[in-house]
Structure formats: structure tokens, C-alpha cells
2 protein chains.
Amino acid sequence: MRQPSRHILSATLAACMLALAGCATPGAPVALETRSTQQLLEASTDADWRTPDPANLLYMDLDGGRVVIELAPAFAPEHVANIRTLARGGFWDGLSLYRSQDNFVVQFGDITEEGVPGRPIGSARASLPAEFDRAAADLAFHALPDADGWAARVGFVDGFPAARDDRRGNGRAWLAHCYGTLGAGRDMAPDSSNGTELYVVTGQSPRQLDRNITTVGRVLQGMELLSVLPRGTGPLGFYEDPSLRTPIRRIRLASDVPVGERTPLQVLRTDTPLFDAVVESRRNRRDDWYVQPAGHIDLCNISVPVRTPPSS
Amino acid sequence: MRQPSRHILSATLAACMLALAGCATPGAPVALETRSTQQLLEASTDADWRTPDPANLLYMDLDGGRVVIELAPAFAPEHVANIRTLARGGFWDGLSLYRSQDNFVVQFGDITEEGVPGRPIGSARASLPAEFDRAAADLAFHALPDADGWAARVGFVDGFPAARDDRRGNGRAWLAHCYGTLGAGRDMAPDSSNGTELYVVTGQSPRQLDRNITTVGRVLQGMELLSVLPRGTGPLGFYEDPSLRTPIRRIRLASDVPVGERTPLQVLRTDTPLFDAVVESRRNRRDDWYVQPAGHIDLCNISVPVRTPPSS
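Quantities reported herein were computed from a predicted structural model and do not represent experimental measurements.

1. Concerning the overall build of chain A
At step 1: If you tally the helices and strands in chain A, you get 5 helices and 16 strands.
At step 2: Within chain A, counting contacts between residues at least 6 apart in sequence, those at least 24 apart form 71% of the total.
At step 3: Accessible surface, chain A: about 11,800 Å² in total, of which carbon and sulfur atoms supply 52%.

2. Notes on the sheet that holds strand S6 (residues 134–135) of chain B
Residues and elements named next belong to chain B.
At step 1: Spatially, S6-S10-S9-S8-S7 is the arrangement adopted by the 5 strands of the open sheet, whose pairing is antiparallel. Strands with a single pairing partner mark the edges of an open sheet, and in this sheet they are S6 and strand S7 (142–143).
At step 2: Bridge count between S7 and strand S8 (residues 153–157): 2 bridges; the pairing is antiparallel. Within the sheet, the bridge partner assigned to Ala143 lies in S8 and is Gly155.

3. Looking at the interface of chain A and chain B
Think of interface size as the accessible area that goes away when the parts come together; that is how it is often given.
At step 1: Each partner contributes to the interface: chain A provides 73 residues, whereas chain B provides 74 residues.
At step 2: Summed over both partners, the interface of chain A with chain B buries about 6,700 Å², with 57% contributed by carbon and sulfur atoms.
At step 3: At the junction of chain A with chain B, the criterion picks out 0 salt bridges.
At step 4: Counting every contact that joins chain A to chain B gives 22 residue pairs in polar contact (both at pLDDT 80 or more).
At step 5: Residue assignment for the side of chain A that touches chain B shows that the elements contributing at least two residues are helix H1 (11–18), strand S4 (96–101), strand S5 (105–109) and helix H4 (223–226) of chain A.

4. Notes on the nonpolar core
At step 1: With 34 residues, the main nonpolar core has Met60, Trp92, Leu97, Phe108 and Leu226 of chain A as its most contacted residues.
At step 2: Here this core gets 4 residues from one element, more than from any other, and that element is helix H3 (residues 77–88) of chain A.
At step 3: Filtering out sequence-adjacent residues up to four positions away, Met60 of chain A remains in contact with Gly65, Arg66, Val67, Leu97, Phe108, Leu226, Ile248, Arg250 and Ile251 of chain A.
At step 4: Core analysis: the next-biggest nonpolar cluster, separate from the first, contains 33 residues, Val67, Val106, Leu226 and Leu253 of chain B among them.

5. Observations regarding the side chain of Glu70 of chain B
Residues and elements named next belong to chain B.
At step 1: Looking at the secondary structure, you find Glu70 in strand S3 (residues 65–71).
At step 2: Only 2.8 Å separates the side chain of Glu70 from the side chain of Arg50, close enough to count as a polar contact.
At step 3: If we skip the residues at most four places from it in the chain, Glu70 touches Arg50, Pro52, Asn56, Leu57, Phe160, Val216, Gly217, Arg218 and Leu220.

6. Quick notes on the pairing of S4 of chain A
Residue and element names in this part refer to chain A.
At step 1: Counting buried positions along S4 yields 6 of 6 residues, so the element is predominantly enclosed.
At step 2: Here S4 pairs with S5 via 5 bridges, running antiparallel. Across the sheet, residue Ser96 finds its bridge partner in S5, namely Gly109.
At step 3: Here S4 folds back onto S5, and the loop between the two strands holds 3 residues, one of which, Asn103, carries a positive phi near 60°.

7. Things to note about the state of the cysteines
Residue and element names in this part refer to chain A.
At step 1: Inspection of the entire model under this criterion finds 2 disulfides over all chains.
At step 2: Across the disulfide from Cys178 sits Cys300; the S-S distance is 1.9 Å. In this structure, the disulfide formed by Cys178 and Cys300 twists by about -70° around the S-S bond and is classed as left-handed. With Cys178 in the loop between strand S10 (172–175) and strand S11 (181–184) and Cys300 in the loop between helix H5 (273–283) and strand S16 (306–307), this residue pair connects regions lying 122 residues apart in the sequence. Comparing Cys178 with Cys300 shows no difference in burial state: the two are buried.

8. Focus: the relation of the copies chain A and chain B
At step 1: When chain A is brought onto chain B, the operation consists of a screw motion whose angular component is 180° and whose axial shift is 0.0 Å, with 0.0 Å RMSD remaining. Here the copies are linked by what is in effect a two-fold axis. Ranked by how close their C-alpha atoms come to the rotation axis, the residues of chain A are headed by Val228 of chain A, at 2.0 Å.
At step 2: Looking at chain A, 100% of its interface residues are interface residues in chain B too, so the copies touch through the same face.

9. Describing the sheet that holds strand S16 (residues 306–307) of chain B
Residue and element names in this part refer to chain B.
At step 1: Pairing is antiparallel in the open sheet, where 3 strands are placed in the order S1-S15-S16. Looking at which strands have only one partner, the edges of the open sheet turn out to be strand S1 (49–50) and S16.
At step 2: Relative to strand S15 (residues 266–268), S1 is paired through 2 bridges, and the arrangement is antiparallel. Paired with Arg50 across the two strands is Val267, which belongs to S15.

10. Some remarks on H3 of chain A
All names here are of chain A.
At step 1: The terminal C-alpha atoms of H3 lie 17 Å apart, and with 12 residues this matches the ideal 16 Å at 1.5 Å per residue to within 8%.
At step 2: Residues of H3 that are buried in the fold lie against strand S2 (57–62), strand S3 (65–71), S11, strand S12 (198–201), strand S13 (214–221) and strand S14 (246–253).
At step 3: Looking one or two places after H3, you find Gly90, whose phi comes out positive at around 70°.

11. A look at the packing of aromatic side chains
Each aromatic ring pair is characterised by the separation of its centres together with the angle its planes make.
At step 1: Evaluated as defined, the whole model comprises 9 aromatic pairs over all chains.
At step 2: Arranged with centres 5.2 Å apart and planes meeting at 80°, the rings of Phe156 of chain A and Phe275 of chain A form a pair that is edge-to-face. Of this pair, Phe156 of chain A sits in strand S8 (residues 153–157) while Phe275 of chain A sits in helix H5, placing them 119 residues apart in sequence. Phe275 of chain A shares its class with Phe156 of chain A; the two are buried.
At step 3: Clustering of aromatic rings is evident, with ring pairs tying together Phe91, Trp92 and Phe108 of chain B.
At step 4: It is Arg164 of chain B that lies over the ring of Phe141 of chain B; its NZ or CZ is 5.2 Å from the centre.

12. With respect to the confidence of the model for chain A
Residue and element names in this part refer to chain A.
At step 1: Mean pLDDT over chain A stands at 90; residues scoring 70 or higher make up 89%.
At step 2: In the model, residues 1–7 has pLDDT below 50 throughout and makes 39 contacts with residues more than four positions away in sequence or in other chains.
At step 3: Every residue in residues 9–30 scores below 50 in pLDDT, and together they form 48 contacts with partners more than four places removed in sequence or on other chains.

13. Observations concerning the pattern of salt bridges
Residues and elements named next belong to chain B.
At step 1: Applying the stated criterion across every chain yields a total of 38 salt bridges over all chains.
At step 2: Where Glu78 meets Arg125, a salt bridge forms, and the shortest distance between an N and an O atom there is 2.5 Å. Taken together, the residues span a long stretch of sequence, with Glu78 in helix H3 (residues 77–88) and Arg125 in the loop between strand S5 (105–109) and S6 at a distance of 47 residues.
At step 3: Overall, Glu78 belongs to the partly exposed group, its relative accessible area being 30%.

14. Description of the environment of Asp165 of chain B
Residues and elements named next belong to chain B.
At step 1: Here Asp165 is to be found in strand S9 (residues 160–165).
At step 2: On the accessibility criterion, Asp165 (6% relative accessible area) is buried.
At step 3: Distance in space between the C-alpha atoms of Asp165 and Ala136 is 8.3 Å, their sequence separation being 29 residues.
At step 4: Beyond its immediate stretch of four places on either side in the chain, Asp165 contacts Ala152, Asn170, Gly171, Arg172, Trp174 and Arg211.

Thresholds, definitions, all that
- Residues numbered from 1 in each chain as written.
- Chains lettered and ligands numbered in written order.
- Predicted model: local features only at pLDDT ≥ 70, side-chain atom pairs only at ≥ 80, totals over all residues.
- Heavy atoms only, no water.
- Helix = DSSP H or I, 4+ residues; strand = E, 2+ residues; numbered from the N terminus.
- Contact = heavy atoms within 4.5 Å.
- Areas by Shrake-Rupley, 256 points an atom, 1.4 Å probe, with all protein chains shown as cover.
- Pairing = 2+ DSSP bridges.
- Buried area = accessible area lost by both parts, 1.4 Å probe.
- Salt bridge = Lys/Arg side-chain N within 4 Å of Asp/Glu carboxyl O.
- Polar contact = N/O pair within 3.5 Å; in protein donor to acceptor, adjacent residues only side chain to side chain.
- Core = buried A, V, L, I, M, F, W, Y, C linked by side-chain atoms within 4.5 Å.
- Buried < 20%, exposed > 50% of the residue type's maximum accessible area, 1.4 Å probe, protein only.
- Disulfide = S-S within 2.5 Å.
- Least-squares fit on C-alpha atoms with pLDDT ≥ 70 in both.
- Expected span 1.5 Å × (residues − 1).
- Phe/Tyr/Trp six-rings, centres within 6.5 Å; stacked < 30°, edge-to-face > 60°.
- Lys NZ or Arg CZ within 6 Å of the ring centre and 35° of its normal.
- pLDDT = per-residue confidence, 0-100.

Have a look at this one:
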């Protein structure tokens, strides 16, 4: 019987990008611009990797494992400050993921129950300004050459997929809604989010949300713990049966966690020639499986590689 | 305590598009071009809906329910013919979904086991030509006005998301890899697929696969049964622990299933003014939640509505 098409997607590379351990094929010494993704990552040096600031990392501990989230204070300073306060106060501990809408988002926080008072937010602020975008001028925006239908330009800012628009004189930039993006749920008023109710994109990039809601970070590790949650059968993917909710053991800032309990993790820098070469290796696949290189890549098709530091 | 942001994504509309039942808000009598998606669907007539040919529908029955797939003989006639033969021979009955790669695909068929002979394919053909694309000339291609980075034009053909390229004189068209697209896994040789090993896209549209593999259809209903499958921890999302595989009870053509056991289902036609209005209502959201309409939509962000026929 024939093989079950292991090459279907040349996905060895994708797998390697998610978990570098196990990508053991030695890379041939070829020029940067013709190497495969795997070869490029194998040729990377420590300077190509960045260790996120523990004060910007949230650990969401579930029964199934840990989700590691990087916050983006450069884009949503007030929300990130509030989320840090909420995490320090143990706001989410014992709460749940209460919504999972197929091909869209999961959401967590303090779901309102009839007759049950909400959890107090302690010293966190109940109300925050909308932080849908920010001035682009003083941002290290590493643009992609690829066209994007949703925004004038797209690229990366310190590892975060982002977009910008300079057409109105004063350029604005914002985090793009890609797989793994973390946002702050709101009601009808643009300034009605305070960071207590957060969602993670689990489906096709819902870029229509860009500039309509405050995005606060992205998941670096553990997406597979969120993406498999059963889909809710209520409107918007809310669980009709509360027993389907996934309990959150606790959410902490990495900086508040003893060093020995932290998850060692590095993210590929997105402002380097190596990263440009990695993107190019995804834009035009070099492995023999592909007969028709795409010549294009969408912002949200780029997974920024994450690794366990070699020293740990 | 504030509401958990039920409006986060104006997702009532999205939910309605997936399951029209329950979308009870009466639509105000407004012009077609300014109506919300929900209002448009409520205003649809029977002529706006299409009942797929039962000979083109595959039912994949799992313990958790039924996945309904529509085959696309217009794009992959040889593969679809073979898949019909395989289904009639009960080829997949008792086999499994053996691979789930996060943000990518699930795959099913007859996984090769060391020392275990493969399942016979009966009168199906062991080898087929590659059907990566086809002539565009005689195809009813309903184009979107929206720009696409991957192809010269994108749009729909009888409900299937598709792309085309007329730049080389003889125009070619192909099914696009969107959420729910069904493809035929292959090995290194372009003509190494025969339809026994099939994959369904469960992640961000992997359009780089377009024209590199044969696409054969798309899932109309039941994606939430596939998208939640645990992610495999082996390379490419293969399950290292075979007990994690999801058994397939059976896969049949709807036309081979007694009428009383069929799943009544209709798909919104994609070649009508109503469909154009639905797409426009997603391109520029009309509900009050949005402060910044996108002015654009990507092909793979369009979910073609499916409904249970009102008569059934």
C-alpha cells in the first residue's frame, strides 16, 4: 500500500518551525537565499533569537498544560498594564474558557451568570480607553514586500504580525488578527474593554476585526491546547452546557513565577536578514515536493519560530 | 460585572451563517445593498439556494456525528470518480483520521503500518493523473472584486472557493485551499495521489498548496467534528499513539444512502445578486459594533451559508 502522503504539505518544515527539537536533517552549506526553512534555522545563531521579557509573558495553566502568551505593551499599554494587575491579583484563577466558536475564537474570563456577582477586579481599572491602533512613526516596523488586501502595508514589529496605514499623513499601526492573536473583548462602546475578557484567534485570520478592537498580544506556545476545545453550540460558540467550559488553573506573569517553574523559550527575531530569508523560504518553497512556488505569502501564513533555548 | 463581550466579533451573524435556525431577528425592509448578512439571508428565496447532487456528497460518519462533504467533479473528475468507487466499496469504513496538525490539516485513510498489508482498493484505480487545475474558459467563474496576493483572480464556482490565472493565454482555474477544503494527499510525484488518503484544511488558508496538489471538494457541514481532533505530536501531526486516531464508522455517497437517512441540506448559490450582497455585507459590516469597515474581504474569509431546507 502506498504511503499516506507524508509529503502532502512538505510539513516537516512547518513542524520544525513549531518544535525545533527533532529537526535533525543536517543542512547542506548553501547560500542563505536558497536554503530551506529548516536549513536556515539550523544555521541561526543566538543573535537571531530573542528572549521575551518575563514581565510581558502570561502563563495560562490548564489541566492539559501551559499556554504561553506574549503581551504587546507597545500596542496596548493601558490594557497590558491592567492585565498585569489582574494576573497579579489572581483574577482568572479558577475561571474558565467559556466560548469556542469554530474557525474563529476561544474566549475566557468571568462569564456573567444570572444572579451570580462578578469576580472583583481588585486594584485593576474597570474602564480603559480603546487602543485599536497607535502612531506608526516611532515603531520599528519590518515590512513585508507582499501585497495585502486589508491594509496598505503589513509586516512585523518585534515578532508581532502588524499592519500600518500611512495614507492619512499621520501613519497608524496595529496588531493584525492572525492565528494566535490575543484581543480584549468589548461590548458596543469602543472603550468598553478592560482586559478581563480575552479572546484568542483559532481560525482563519479575521482581519475585519483590525482597528475595531484592542489587540494585546499573541500566543507563543500551547495553541494546540486552545484550538481543540469543543465548539460551543450556543450563539457565538458559547457553551450551553457549562460543564464543557475549560477550567483555568491560574494565569500568572512569568516574572511572578519562580525561575525554576518558568518555560524557557526564545522567539526568532523578525528584524534580521535571517528572518527575511525564512519568510522567503516560505514564500517560495525550495523542497522538491512543490512544483509551483507561490511567489507570495500572506502575513498570517507566517509562523514566527519559537524554540527552547539550546542552553536550557 | 460587565458582559463578556458578546459583541466581540459581531458573531451573531457568523453563527447565523453556519446555522440559520435561531437567527430570528426580523429584518427591517431596507435596500439589498445596505442589509446585514442576517437580513439578506432572511430575505432569500428558494431560488437563492441550491441542493447539491447526492452523487457529489460524501457522508463521513464518526462516533461524534456526520461530516458532509461536497465533491467537485468539475475540478477533479478522475479523482472524484475514484473516490465514488472507493466509497461504494466501503474502502474507508473502519479506517481512521490518523493525522491532525495544528493550524493546518487533518488527514484520513489507510495509514501504513509496519508489517500490515494495506487495505485493497477493489475496482478503484491505484494511480491517477494530477488534477491540479483545469481550463478556465468554459467555467462559470463568479469573480470577487477583491485583490488576492496568491492569484490573479479569485471567486466562486458553484459554491467552491476558486482562483484563476489568465495571464498565460490559456486561462487555468483551481480550487483554493480554504478552511474546509478537501484534497488528495500525494507523495513526491505529482501524479501519486489516488484519493485514498484525503486531507481537510483546518487552519489558516494554506494557499501555497494551490496548484501543487489535487483538491477534490469541501466540507459543507460538520467541520467542528474535525477541527477539534487532538493534535498529533509526531512529525506533521501524525499520532504517535495510535489510540488517538479517530475511527471512521463509514464513508458513503449520499446517493447510496436511503433517503430517510440523508442529511437535508442546501447551499447558498454563489452566482446571484443576493450572494454578492452577502459578501458585501461581510466586506463592510453594517452592524453598529464595527467602527471601521474593512473595505475588503479575503476569499477564504467568506463562509458560504448552508441551511436545512425549510420544508424538511
